[in-house]
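What follows is each chain in one-letter form.
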Amino acid sequence: MGRIWAFVVGVIFMFGFKMGFWGFLLGLIIGQLLYNFFNQIAPVRSNTDPELYLRVTFEVLGHLSKAKGVVTENDIKLATHVMDSLQLQGEARSLARHSFNEGKANDYPLRERLRALYQSYRNQKHVLNVFCEQLIQAALSDGRLHESEEQILYIVAEELHISRTRMAMHIQMIMASYQFYQQGGGTRQERQYRQQQGNYQSYDRTYSRGPTIEDAYKVLGIDASADTTTIKRAYRKLMNEHHPDKLVSKGLPKEMLEAAKERAQQIQSAYDLIKSHRGFK
């Protein structure tokens, strides 16, 4: 659709404004920019389904837990903690608990459910990115990414039409973000939960050194050699993608906002560390 916009505007500039070939090229650029702008401010498509998003999120969380073999008590505690951190109550909590149990079934139709989610949110790329980030955070809850969990994450990427390279970058960024959780970048509830889990001691030791400047660059998904302009652009892009109001307007369930806010806190912490290290405002 964006290419059609670009072509039409190019033709208008070429013949309507009599600007010739160079006008056509200028129109291609302006047409694409206009398409991107109106696509950003467009209201939520009627086919977005917040309840489906909530269901599939917890179904896949259950599937990830089962992927390691037997669902352990810590896996159940993790799911409960996610519900607590998202402040799920009443029907929403019951729906999440039921969906988690459905995802643990041996015959859970993973690809089918992911396709349903994609059909509902195919025009809301930011929401699908948040979905991936939430799954990665859950998969890394024990301090490592199991091979079976990684396989599921790449199935998620495939069905949501996200490249393997992009999913690998998501994983790297979320892993680096744990440094900022360890230093207090997460909520008080999140920090208390980690402290209470004896089986997560290895995770805490792994990340006890605190955040490094290398981690900060990874959180923003950029190279340490990036210039100031690139750093600022990456920061603004990520903060825009995780803006709560924009995500809700694009169909993210309001129950999932807390996770998006925490991710924004991690991004802000990483950016602040880079600014301090580089010495710019």
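Residues numbered from 1 in each chain as written. Predicted model: local features only at pLDDT ≥ 70, side-chain atom pairs only at ≥ 80, totals over all residues. Heavy atoms only, no water.

*Asks:* What's the story with the packing of helix 12 (residues 213-220) against helix 13 (residues 228-241) in this structure? I'm lost.
*Replies:* Helix-helix packing is described using two parameters, namely the angle between the two axes and the distance between the axes. Viewed as axis vectors pointing N to C, helix 12 and helix 13 meet at an angle of 55°, and their least axial separation amounts to 9 Å. As judged from the angle between their axes, helix 12 and helix 13 are oblique. In this structure, helix 12 uses Tyr217, Val219 and Leu220 to contact helix 13, whose residues at the interface are Ile231, Ala234 and Leu238. Residue composition of the contact of helix 12 with helix 13, grouped by class: 6 nonpolar, no polar and no charged. (Axes fitted to C-alpha atoms, helices over the stretch in contact; angles between N-to-C directions. Helix = DSSP H or I, 4+ residues; strand = E, 2+ residues; numbered from the N terminus. Parallel < 35°, antiparallel > 145°, perpendicular 65-115°, else oblique. Contact = heavy atoms within 4.5 Å. Nonpolar A, V, L, I, M, F, W, Y, C, P; charged D, E, K, R; others polar.)

*Asks:* Where do I start with the side chain of Glu149 in this structure?
*Replies:* Considering the arrangement of structural elements, one finds Glu149 in helix 8 (residues 147-159). Discounting chain neighbours no more than four positions away, the residues touching Glu149 are Leu64, Lys68, Ala139 and Arg144.

*Asks:* Quick question: what am I supposed to make of the environment of Ser249 here?
*Replies:* Examined against the element boundaries, Ser249 turns out to sit in helix 14 (residues 244-249). Under the relative-accessibility criterion, Ser249 is labelled partly exposed at 37%. Expressed as a C-alpha distance, the spacing of Ser249 and Gln124, which sit 125 residues apart in the sequence, is 10.0 Å. (Buried < 20%, exposed > 50% of the residue type's maximum accessible area, 1.4 Å probe, protein only.)

*Asks:* Honestly, the packing of aromatic side chains in this entry has me stumped. Any pointers?
*Replies:* Think of a pair of aromatic rings as described by two things: how far the centres are apart, and how the planes are tilted against each other in angle. The full count for this structure, using the stated rule, is 4 aromatic pairs. Aromatic pair Tyr235 and Tyr271: ring centres 3.8 Å apart, planes at 5°, arrangement stacked. Placement of the pair is Tyr235 in helix 13 and Tyr271 in helix 15 (residues 257-278), with a sequence separation of 36 residues. A single burial state applies to Tyr235 and to Tyr271, both of which are buried. Joined through ring pairs, the aromatic side chains of Tyr53, Tyr121 and Phe131 make up one cluster. Seen from the ring of Tyr154, Arg164 lies directly overhead, with NZ or CZ sitting 4.0 Å from the centre. (Phe/Tyr/Trp six-rings, centres within 6.5 Å; stacked < 30°, edge-to-face > 60°. Lys NZ or Arg CZ within 6 Å of the ring centre and 35° of its normal.)

*Asks:* Looking at this model, I keep getting lost on the side chain of His170. Mind explaining?
*Replies:* Along the polypeptide, His170 turns up in helix 9 (residues 164-185). The exposure class assigned to His170 is buried, which follows from its relative accessible area of 2%. Polar side-chain contacts of His170 include one of 3.4 Å to the side chain of Asn129. Not counting chain neighbours up to four residues away, the residues in contact with His170 comprise Asn129, Glu133 and Ile136. (Polar contact = N/O pair within 3.5 Å; in protein donor to acceptor, adjacent residues only side chain to side chain.)

*Asks:* Just to check I follow, could you spell out the confidence of the model for the protein chain for this structure?
*Replies:* Low-pLDDT stretches of the model should not have their predicted coordinates read in fine detail. Confidence along the protein chain averages 77 in pLDDT terms, with 73% of residues attaining 70 or more. Summarising per-element confidence for the protein chain, the mean pLDDT is lowest in helix 11 (residues 201-206) (38) and highest in helix 6 (residues 110-121) (95). Every residue in residues 41-46 is under pLDDT 50, and counting partners more than four places away or in other chains gives 8 contacts. Taken together, the stretch residues 184-208 has pLDDT below 50 and engages in 45 contacts with residues farther than four places along the chain or on a different chain. (pLDDT = per-residue confidence, 0-100.)

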